[in-house]
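Observations on chain architecture
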Amino acid sequence: MDNRPIGFFDSGLGGLTSIPYIMKELPRERIIFYGDTARTPYGSKSPDTIRQFTLQIGDFLVKKGVKMIVIACNTVTATCLDDLRRTYPDIPVIGVISPTARVIANKCNHDDRIGIIATKVTIKSGAYEKKIREKHPGLNLFSKACPAFVPLIEEGIIDNEIMDLTIKYYLDDFVKEHHINRLVLGCTHYPLIADNLRRIYPDIRIISSSKEVATAVHIELEKRDMYAGKREAENVFYASDLSENFVNMIQNILGREKDELNIRFKNLDI
Ligand code: DGL
């Protein structure tokens with residue numbers, strides 16, 4: 001039994017998409033979330049910059065007394081999962097890519113044409129292909145970076161023609177050329193445009209990294225006998241920039257009014 005909180009973080013609000021799964025599946029766990037909204041997106045930045053930001057967030061979460069760190073961001077997982085594990089050897093650190101790769105390897109077969117969409121950094125790292133092939137070498141994998149999705153989502157431009165056009169710009173030719181029938185959302189922001197993707201490509205089945213991270217947390221807590229007995233305090237959501245859109249999106253994603261949520265500003269540069 002371990003009642004300490006679990007620390008989650010993302011470059012922005014994308015990682016919040018994994019939180020409802022945690023709240024539903026593990027209601028006794030206390031969550032401390034950090035969204036680096038002032039410095040998002042990370043997905044087109046250099047690995048050194050991403051590492052520097054990530055270790056600042058890691059230190060912040062460790063000072064908050066977390067029992068586990070969950071990297072609710074594919075870009076950070078692809079870039080510095082090992083750096084975090086080396087820096088905090090006493091705390092389990094979970095990334096999003098291995099759990100998602102496991103599900104892809106289990107659910108998909110040789111007939112599938114699997115498209116992986118993610119940020120530039122994640123696609124360039126080849127991390128998805130590597131992890132999936134370790135588990136299932138014969139799958140047909142195709143990847144595509146979609147760098148404009150995250151800035152639009154952070155701006156709240158979602159249910160709208162600009163987002164639909166951007167999706168078509170990146171994916172129409174990709175889907176047609178490779179006959180894609182499964183699409184892996186290799187960025188935790190992308191579940192926020194899953195409805196657009198389903199509407200535009202109704203025959204494609206979607207696999208989301210946000211859901212799989214919740215299962216991975218479950219497995220890790222069980223393995224280490226670290227489940228919380230009870231929630232001793234409220235969940236807290238920190239952001240490095242408390243924009244109106246961040247607050248609106250938290251409310252949308254978690255289905256609560258802002259007065260019911262503990263939302264705080266924390267800029268790690270200051
Ligand atoms: N949510 C992050 C990910 O899963 C995103 C992105 C970014 O900051 O570019 O990769």
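All of the points below concern the structure found in this document. Sequence order sets the numbering: in each chain, residues are counted from 1 along the sequence as written. Residue-level local features of this predicted model are given only where pLDDT is at least 70; pairs of side-chain atoms are given and counted only at 80 or more, and the full residue set underlies all totals for whole chains, interfaces and linings. Heavy atoms from the whole structure form the basis of all side-chain values; hydrogens and water molecules are not counted.

1. What to know about empty space enclosed by the protein
Basically, it comes down to this: For each structure, a 1 Å grid was placed over the protein atoms alone; sets of points admitting a 1.4 Å probe that cannot get out are labelled cavities, open sets with protein on both sides within 12 Å along at least five of seven lines are labelled pockets, and lining residues have an atom within 4 Å of a point. Grid points are joined across faces, edges and corners, and a volume is the space filled by probe spheres set on the points. For this classification, Asp, Glu, Lys and Arg are treated as charged, while Ala, Val, Leu, Ile, Met, Phe, Trp, Tyr, Cys and Pro are nonpolar and the rest, including Gly, are polar.
According to the stated counting rule, one finds two cavities of 30 Å³ or more in the structure shown. The space that makes up the largest cavity amounts to roughly 50 Å³. Taken together, 13 residues form the lining of the largest cavity, with Ser-11, Thr-75, Thr-119, Cys-187 and His-189 sitting closest to its centre. Taken as a whole, the second largest cavity spans an internal volume of roughly 30 Å³. A per-class count over the lining of the second largest cavity returns three nonpolar, three polar and one charged.

2. Details of the packing of helix H4 (residues 97–107) against helix H6 (residues 127–135)
The condition is simple: Here the axes come from fitting lines to C-alpha atoms, over the contacting stretch only for helices, and the angles between their N-to-C directions go from 0 to 180 degrees. Secondary structure elements follow DSSP: runs of H or I no shorter than four residues count as helices, runs of E no shorter than two count as strands, and numbering proceeds from the N terminus. Here is the rule for angles: anything less than 35 degrees is roughly parallel, anything more than 145 is roughly antiparallel, 65 through 115 is roughly perpendicular, and the remaining ranges are oblique. By the definition used in this description, the sense in which the near helix is turned from the far one sets the handedness, with an anticlockwise turn below a right angle giving left-handed and a clockwise turn giving right-handed. Note on contacts: a residue pair is in contact if any heavy atoms of the two residues lie within 4.5 Å.
Contact geometry of H4 with H6 gives a least axis separation of 9 Å together with a crossing angle of 50°. Of the possible angle classes, the one that applies to H4 and H6 is oblique. At the point where H4 passes H6, the crossing takes the right-handed sense. Contacts between H4 and H6 involve Ile-97, Ser-98, Thr-100, Ala-101, Arg-102, Ile-104 and Ala-105 from the former and Ala-127, Tyr-128, Lys-131, Ile-132 and Lys-135 from the latter.

3. Details of the packing of helix H2 (residues 47–63) against helix H3 (residues 74–87)
Interaxial distance between H2 and H3 falls to 9 Å at its minimum, and their mutual angle equals 50°. Between H2 and H3, the interaxial angle falls into the category oblique. As for the relative orientation of H2 and H3, their crossing is right-handed in sense. Of H3, the residues touching H2 (which contributes Pro-47, Ile-50, Arg-51, Thr-54, Leu-55 and Gly-58) are Thr-75, Val-76, Thr-79, Cys-80, Asp-83, Leu-84 and Thr-87. Tallied by class, the residues present in the contact of H2 with H3 amount to six nonpolar, five polar and two charged.

4. Focus on the layout of surface pockets
Volume-wise, the largest pocket comes out at about 460 Å³. Surrounding the largest pocket, 24 residues form its lining, Thr-77, Leu-81, Arg-85, Ser-98 and Lys-131 being those nearest its centre. Mapped onto the lining of the largest pocket, the elements with two or more residues apiece are H3, strand S4 (93–94), H4, H6 and helix H10 (209–223). If you tally residues by element for the lining of the largest pocket, the top one is H3, at seven residues. Counted by class, the lining of the largest pocket contains eleven nonpolar, six polar and seven charged residues.

5. Quick notes on the sheet that holds strand S5 (residues 113–118)
Heads up, the rule is: We treat two strands as partners when DSSP finds at least two bridges between them.
Ordered in space as S6-S5-S7-S8, the four strands form an open sheet in which the pairing is parallel. The sheet is open, and its two borders are formed by strand S6 (140–145) and strand S8 (205–208), each paired with just one other strand. Strand-to-strand, the axes of this sheet are offset by a mean angle of 25°, without reference to chain direction. Sheet strands touched by H6: S5, S6 and strand S7 (182–185). Its angle to S6, the strand with the most contacts, is close to 165°. Helix-sheet contacts for H10 involve S7 and S8, and the interaxial angle to S8 is about 45°.

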